[in-house]
Amino acid sequence: NSSGMTSSGAAAITRPKATIIVSIVAVFFFSIVSVRNSSSWLSSYNQQFPLHDGHYLQQRNGSVAAAIASVSVATKSKISTTERQQTSKTIINRNKTSSLGLHMCKCLTDDFPTTNANSIPHNNPKRLRWLHFPKTGTSFISTLWSYSCSTRERYIDLNVNSQVCSHSPDGKRSALSMYDFVLMRRYPWEMYGAPNFIPDESSSSSPPVGKDVPLGLVGGTQHGPLSPNLQDKQFLQSDRYKKLVNKKQLMRYGSELMTHNITVAAFFRRPEERIISAYKDALHANGFAGTDFKNFVTKVRGARNGQCKIGNRIYLNPVQCFANYPGIAGCMSRMLTGQKCADALFHEAGLENVAEAVDIILNHLDFVGLTEDWNESICQFHRLFSGRSDSVTGQRVWDQPLQREFANVHKSKKATIGVEELDGFRDVADTVVYEAAKLKFERMVGNERCYKFMSWDEIERDLDNNDNANTPFLNVDKDGNVCHPLTCSDLGKQCGEWDDGCGSTIICGICDGGRAGLPSTWRVQCVEGKCVDYCPTWEEKGLWFLSNDSPTIMKEVAQSIETREQKYLSPIEAFKVCDVACRGKTGNVPANDVTKAFVDTNLCRCGNTTKALTNITLSDFSSAHDMMTTCGDSKMFKSLRILSINDTQPICCPPIDEEKLQKGKQWKRLYSVGGPKLEGSYFAHIHMGCGSLDECQDVAREKGAEIAVFDIISSYCHLARNVFELDNLFSVTKDNTRRYILDLRNPEKP
């Protein structure tokens, strides 16, 4: 910062970065190679670069090799042995269910030692950016999305299974079976996030303009690096800057930290464990693409007997090949300083990024979490950012985290691979980065840890003794009985908003069109808390609806199959209609008439005859939308799909040609970074059925909207007024996979 102060008021490191780079890398690397029986790199670092508040990285006993593998950074306020034992317990408790007790954060009260106005630098940041290193905790989206979409009175249900069975428009398996996308699709920001940040049109105060608008999470959930500081003269004169410019890979958005004043939060993980996890996750190497990725996969998976040769060295197993492949090591170091995780540009190990990365962690990151200390990290996030002023007393109050925030929603089912399989490999650059993150974390926590797990027996004992100091947030009646809030699954609900049984509203969200494995031409709507897949009417023909007004041919064809007493056809019934039409077997109805009515009009697509729906019941389709159902939980999902583009099927709604749409001049694709930057007060959310962008535009003009956002996956048309333009390229985080926006403020605009 220009003032030489950090956000917490401490003096910042001012040593020239060039000196830091030479000193850190030289001391650290020399220590590994030449002085293996000393801990000189730590002591040398302490002597040269004391941290800005007088804390030091302190020397540990034992060899440098041991220090690299297991060092725990100490500060003047050392964490006691008992509290360190509690840290290991938090890892065990991360996957416990709330039925055993409650995860709680005891520091979320104004009289906690480290929770006071002077120790908390931020409260409700206007813009929050997640620096998401691969394999460091996708589960953090539970906290971030709840932060945007939940309040004490109305909160989202985080118990959503990510393993949906969706398809992309071309019939291929969707890549969106990831918890962050599933969560954002079920709880769209326009419906559940925006009202918590942007005043609605009925409010007496208009939304502030530009950088003053609170928006919550920005910049997406994927693995985008921080943007480099283009105002840093040392960086502009560096070889790395010249290399990035030469490769046309320089990010020119402006630094989130230095230019846009965005609050940045990040989780860190032990480097070798992160690399092993990336190897297990289909060779996760964000940054390698095209030929680079193909060569990388060939080297790691294609070697004989699991061995590979990189340079002049032979590695004995695929995980060693992965870890030692040029450009894999140094992921966190690179992402902190403006490059992607995997280095496809220079195939370096991140050492030249280390000094700047350490400076960013210690002096500029607003929140640092550790995957190895997950529960404490979640509590610290809430301590820093979730406090608010009580509207009556004016006193600062905190809401306890939702229990699901302490769960691992992305747990690998593959066999464990130990660090020993790396045969001594160390990610040197990221080890330094990780140690800096540990130091920042322990200073953030202070002397007394916040997280505590209490069994129901402990809670009941406290309540029997009229002691609720640890659980002031519980809903307890006059007889001491604790109210247990019901989840959406407990209530038997798949969508909508419902009383949780304890006086608050639990939000089950909208229906996700991808969960049932049906093509994108199908629709799904919420009917009395249940998600119903159906074939809506197309161009007013009414062929997919059964009523007295339905065409005779539909009635006659429908008589040849079993149908229910409903106004719409279920997926099973609609499929059978098209199967009959494509095979030309219709009983008393001439086959030619059936072809004209269903095939020639493109209401049916004829292709492979599939038995996928033969033994599927309506209850199977319904259960697919249950919050926690996975693809393998029902017989309909055993093959991981229902209908693909090559199968015989009804075309329930006209497909949207997105390639043509993106070439148009009106609707613009939304992106997490870049693209249209308009937001506003959302006042209407309309499910369009078979209606598409044209119909959404008509409704928007009719209702006087200034912008319209159309979500192709959910078929929702979101309308807003009081529109303002963001002051930087970091858009609000949404499921921007297939979202389009239309600016209606200028009627003359084509």
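To start, this report covers the structure provided alongside it. (Residues numbered from 1 in each chain as written. Predicted model: local features only at pLDDT ≥ 70, side-chain atom pairs only at ≥ 80, totals over all residues. Heavy atoms only, no water.)

It is worth spelling out the state of the cysteines at this point. This model, assessed by the stated rule, comprises 12 disulfides. Shown here is the disulfide that connects C483 with C502, its sulfur atoms set 1.9 Å apart. When the S-S torsion is -95 degrees, as for the bridge of C483 with C502, the disulfide is left-handed. Placement of the pair is C483 in the loop between α17 (456–464) and α18 (488–491) and C502 in the loop between β12 (496–499) and β13 (505–509), with a sequence separation of 19 residues. Between the sulfur atoms of C578 and its disulfide partner C604 the distance amounts to 2.0 Å. Negative torsions about the S-S bond denote left-handed disulfides, and the value of about -80 degrees found for C578 with C604 makes this one left-handed. (Disulfide = S-S within 2.5 Å. Helix = DSSP H or I, 4+ residues; strand = E, 2+ residues; numbered from the N terminus.)

Next up on the list: the environment of M251. Following the sequence through the fold, M251 ends up in the loop between α9 (239–246) and β5 (263–268). Note: C-alpha distance between M251 and G338 (87 residues apart in sequence) is 6.9 Å. Those residues within four positions of M251 in sequence are excluded, and the remaining contacts are P225, L226, S227, P228, L230 and G338. (Contact = heavy atoms within 4.5 Å.)

On the surface, D694, E695, D698 and E702 cluster together into a patch of negative charge. Positionally, D694 belongs in helix α24 (residues 693–702). Overall, the relative accessible area of 56% leaves D694 in the exposed class. (Patch = residues over 30% accessible without salt bridge, like charges linked within 9 Å, V, L, I, M, F, W, Y side chains within 5 Å. Areas by Shrake-Rupley, 256 points an atom, 1.4 Å probe, with all protein chains shown as cover. Salt bridge = Lys/Arg side-chain N within 4 Å of Asp/Glu carboxyl O. Lys, Arg positive; Asp, Glu negative; His and termini not counted. Charge placed at Lys NZ, Arg CZ, Asp CG, Glu CD. Buried < 20%, exposed > 50% of the residue type's maximum accessible area, 1.4 Å probe, protein only.)

This part covers the sheet that holds strand β18 (residues 668–669). Hydrogen bonding along the main chain pairs the strands of a sheet, whether they run parallel or antiparallel. In spatial order, the strands read β18-β22-β20-β21-β19; together these five strands make up an open sheet with antiparallel pairing. Two strands bound the open sheet, and with one partner strand each, they are β18 and β19 (678–687). Seen against the sheet, helix α7 (residues 189–197) touches β19, β20 (707–711), β21 (716–725) and β22 (739–743) and runs at an angle of roughly 135 degrees to β19. Packing of α24 onto the sheet brings it into contact with β19, β20, β21 and β22, and relative to β20 it is tilted by some 150 degrees. (Pairing = 2+ DSSP bridges. Axes fitted to C-alpha atoms, helices over the stretch in contact; angles between N-to-C directions.)

For the rest of this paragraph, the subject is the sheet that holds β5. With parallel pairing, four strands are arranged side by side in an open sheet as β4-β2-β5-β8. Each edge of the sheet is formed by a strand with only one pairing partner; in this case those strands are β4 (216–218) and β8 (367–370). The mean angle between the axes of side-by-side strands here comes to 30 degrees, regardless of whether they run parallel or antiparallel. Note that β5 and β8 share four bridges and pair parallel. In the sheet register, F268 faces β8, and the bridge partner there is L370. Helix-sheet contacts for helix α5 (residues 140–149) involve β2 (127–131), β4, β5 and β8, and the interaxial angle to β4 is about 125 degrees. Packed onto the sheet, helix α16 (residues 428–445) meets β5 and β8 and runs at close to 110 degrees relative to β8.

Time to look at the nonpolar core. Burial of nonpolar side chains together is a common tendency in soluble globular proteins. The biggest cluster of nonpolar side chains holds 97 residues, and the ones touching the most others in it are F140, W145, F268, L336 and I361. No other element matches the 10 residues that α16 contributes to this core. Residues contacting F140, with those up to four places away along its chain left out, are W130, A265, F267, F367, W374, I378 and F381. Formed by 23 residues, the second largest nonpolar core is a distinct cluster that contains Y279, F288, I310 and V319. (Core = buried A, V, L, I, M, F, W, Y, C linked by side-chain atoms within 4.5 Å.)

Before going further, it helps to examine the side chain of Q494. As for its position among the elements, Q494 is in the loop between α18 and β12. For Q494, a relative accessible area of 1% translates into the label buried. Here the side chain of Q494 touches C531 through a polar contact of 2.7 Å, landing on its backbone nitrogen. (Polar contact = N/O pair within 3.5 Å; in protein donor to acceptor, adjacent residues only side chain to side chain.)

Take R426: it is sitting in the loop between β10 (396–398) and α16. Overall, R426 belongs to the partly exposed group, its relative accessible area being 28%. Expressed as a C-alpha distance, the spacing of R426 and N324, which sit 102 residues apart in the sequence, is 9.3 Å.

Quick look at the packing of aromatic side chains now. Any pair of aromatic rings gets described here by the distance separating the centres and the angle formed by the planes. Inspection of the entire model under this criterion finds 21 aromatic pairs. Residues F235 and Y241 carry aromatic rings whose centres are separated by 5.5 Å and whose planes lie at 75 degrees to one another, so their mutual orientation is edge-to-face. Among the aromatic residues, those joined into a cluster by ring pairs are W130, F140, Y147, F197, F267, F367, W374, F381 and F385. Just above the ring of F346 sits the side chain of K243; from NZ or CZ to the centre is 5.3 Å. The aromatic ring of F683 is capped on one face by R721, whose charged end is 3.7 Å from the ring centroid. (Phe/Tyr/Trp six-rings, centres within 6.5 Å; stacked < 30°, edge-to-face > 60°. Lys NZ or Arg CZ within 6 Å of the ring centre and 35° of its normal.)

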